[in-house]
Amino acid sequence: NNTLESIGIDSLISTIENMMSIPTRRTDEPFLYAIDHCFPIKGHGTVLTGTVLRGTVAVNNVIELPELQQQRKVKSLQMFHKSVQSAKQGDRLAICITNLDPKLIERGVACQPSSLPLLTNYV
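We now turn to the structure provided with this report. None of the values given here were measured: they were computed from a predicted structure.

What about the overall build of the protein chain?
Then comes step 1: Counting its secondary structure elements, the protein chain contains two helices and nine strands.
Then comes step 2: Each helix and strand of the protein chain, ordered N terminal to C terminal, gives the series α-α-β-β-β-β-β-β-β-β-β.
Then comes step 3: Seen through its principal axes, the protein chain has C-alpha atoms that stretch 65 × 45 × 25 Å.
Then comes step 4: With 123 residues in all, the protein chain has 31% of them scored as buried.

See below:
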């Protein structure tokens, strides 16, 4: 341990701990989810994997896929292969929905219905 102290490791650890802070998760904003992968599971539906960017989502919520202009009900949620009832900002999450062709979306976003304006025409 004296060797570590002599090269400043304890001081470095202390400095890093003093500079770090745990961010506050904002759960009061509309749900926004970054989709990084989409795949089918036979007999269950389509699974979207990604990260909750803001807000919260729960089983039975309705989410919107703005680029497809479609809404779907959340059938189930999983975090690290464990079923959960809800998730909040910062969580890595798999969302299972039904009646969606996984070939239509690979990456994109999902959100609370009508919370994300979709640009269809621009100059």
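Some details on the environment of glutamine 69
Then comes step 1: Note that glutamine 69 resides in the loop between β4 (62-65) and β5 (70-79).
Then comes step 2: The exposure class of glutamine 69 is exposed, given its relative accessible area of 60%.
Then comes step 3: Between the C-alpha atom of glutamine 69 and that of proline 113, which follows or precedes it by 44 residues, the distance is 9.8 Å.

The rules behind these values
- Residues numbered from 1 in each chain as written.
- Predicted model: local features only at pLDDT ≥ 70, side-chain atom pairs only at ≥ 80, totals over all residues.
- Heavy atoms only, no water.
- Helix = DSSP H or I, 4+ residues; strand = E, 2+ residues; numbered from the N terminus.
- Buried < 20%, exposed > 50% of the residue type's maximum accessible area, 1.4 Å probe, protein only.

Worth remembering: the numbers are spatial, not functional.
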